[in-house]
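Read off the chains here:
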Amino acid sequence: MNVSPQGLAFIARHEGFVGRAYLDAGGVPTIGYGFTEGSQLFRQWWHLQGHSTLALGQTIDPVKALSLLRTMLDREYGPMVEKALGNLPQPAFDAAVSAVYNLGPKALTWRWAKALKAGDFGRAAELLARTGTTAGGRVLPGLVKRRADEAGLLQTGDYGMAGGGDLRPDPQVKQAQTHLRLLGYRPGPVDGIEGPRTRLATLRFQSDHPPLAVDGSLGPATRTTIARVVAARGGLAGCSAGAAAAGGGAAAHGIPLLDCLLIAGGVLALAGLGFLAWHYRGRIALEIARWRGDTVQSQQEKLS
């Protein structure tokens, strides 16, 4: 059994294409549609392209990458899903392959897979929706969304591709916008939509952080690099802790950032007042003494 064309598009959309090798959230060199050297088939194909190993900055052609993704799904991931779970309806099979491609073969031993093998699609979808949503100890909005979409595909057969462009807020974009703002790149509103100001801010960030492709798009490589830069700057990482949590809620709308700015502003104001008090300490002491003298004289005049 092979992944359907809709399933291929579903997986490619969730993986996102990156033409230049980068480090993923786990620090693993990655290229194309989530290709890593963890795949034997990819390693063999990459060696045939003249590369001994996958290194940062190496590139891949988008047409070849999509063809390779199809080959990997049909020859590597699809067969292991079919062997472990048996004969499934096409949408459920595509959803399971998507999950295993993202989470690895061990996912086939988890509870969602056991429920799916037993024919309990509702329970399988419920379990899958909350499975494998963290990386590096953090809940990632992109993984939360992917699991929810895979669970929906498994249970309802909905590939989520109706209509033209998708203008719904994206929690991954919200997180990246919050981080860009923390880094001083001014991406515009933290609304989860890649508007002109976000694209301009992204272009500037990409230009400052080679070997990122300078295309203005918040793809997987750029989002991962943004998060890594924020985490490397201790104070910023603390301020963005809430925004780095799983997409939704007040944190994803930048409230943690507002709190940080208010606190920072208060600290700076107090520091400024302290400096002024120290700098003009002599004049202040003189004015206090003069005020006290005037007060004593005034009291004496009232008593006389």
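For the structure itself, consult the block above.
Thresholds, definitions, all that
- Residues numbered from 1 in each chain as written.
- Predicted model: local features only at pLDDT ≥ 70, side-chain atom pairs only at ≥ 80, totals over all residues.
- Heavy atoms only, no water.
- Pairing = 2+ DSSP bridges.
- Helix = DSSP H or I, 4+ residues; strand = E, 2+ residues; numbered from the N terminus.
- Buried < 20%, exposed > 50% of the residue type's maximum accessible area, 1.4 Å probe, protein only.
- Contact = heavy atoms within 4.5 Å.
- Patch = residues over 30% accessible without salt bridge, like charges linked within 9 Å, V, L, I, M, F, W, Y side chains within 5 Å.
- Areas by Shrake-Rupley, 256 points an atom, 1.4 Å probe, with all protein chains shown as cover.
- Salt bridge = Lys/Arg side-chain N within 4 Å of Asp/Glu carboxyl O.
- Phe/Tyr/Trp six-rings, centres within 6.5 Å; stacked < 30°, edge-to-face > 60°.
- Axes fitted to C-alpha atoms, helices over the stretch in contact; angles between N-to-C directions.
- Parallel < 35°, antiparallel > 145°, perpendicular 65-115°, else oblique.
- Left-handed = near helix turned anticlockwise from the far one by under 90°.

1. Some remarks on the pairing of strand E1 (residues 18-23)
Examined bridge by bridge, E1 and strand E2 (residues 29-32) share 3 bridges and lie antiparallel to one another. Note that in E2 the partner of Leu-23 across the bridge is Pro-29. If you look at the hairpin formed by E1 and E2, you'll find 5 residues sitting between the two strands, and Gly-27 has a positive phi there, around 80°.

2. Things to note about the side chain of Thr-225
For Thr-225, the location among the structural elements is in helix H10 (residues 220-232). Judged by its relative accessible area of 17%, Thr-225 is buried. Apart from the residues within four sequence positions on either side, Thr-225 is in contact with Phe-205, His-209 and Leu-212.

3. Overview of a nonpolar patch on the surface
A cluster of nonpolar side chains, namely Leu-200, Leu-203 and Val-214, defines an oily patch on the protein surface of about 230 Å² accessible area. Turning to its location among the elements, Leu-203 is positioned in helix H9 (residues 196-208). We classify Leu-203 as partly exposed; its relative accessible area is 31%.

4. Observations regarding the packing of aromatic side chains
Across all of its chains, the model carries 8 aromatic pairs by this definition. Between Phe-10 and Tyr-159, the ring centres sit 6.5 Å apart and the planes meet at 80°, which makes this aromatic pair edge-to-face. Remark: Tyr-159 occurs in the loop between helix H7 (141-156) and helix H8 (171-182) and Phe-10 occurs in helix H1 (residues 5-15); sequence separation between them is 149 residues. Where Tyr-77 meets Tyr-101, the ring centres are 5.0 Å apart and the plane angle is 75°; that geometry is what we call edge-to-face. Placement of the pair is Tyr-77 in helix H3 (residues 62-85) and Tyr-101 in helix H4 (residues 90-103), with a sequence separation of 24 residues. A residue is classified by how much of its surface remains accessible, and Tyr-77, at 10% relative accessible area, is buried. A relative accessible area of 8% means that Tyr-101 is categorised as buried. Members of the aromatic cluster, each reached through a chain of ring pairs, are Phe-17, Tyr-33, Phe-35, Phe-42, Trp-45 and Trp-46.

5. A closer look at the packing of helix H2 (residues 40-48) against H3
Between H2 and H3, the least distance of the axes is 10 Å, while the angle of their chain directions is 140°. One finds that H2 runs oblique with respect to H3. Crossing handedness for the pair H2 and H3: right-handed. On H3, the residues touching Gln-40, Leu-41, Phe-42 and Trp-45 of H2 are Lys-64, Leu-68, Thr-71, Met-72, Arg-75 and Glu-76.

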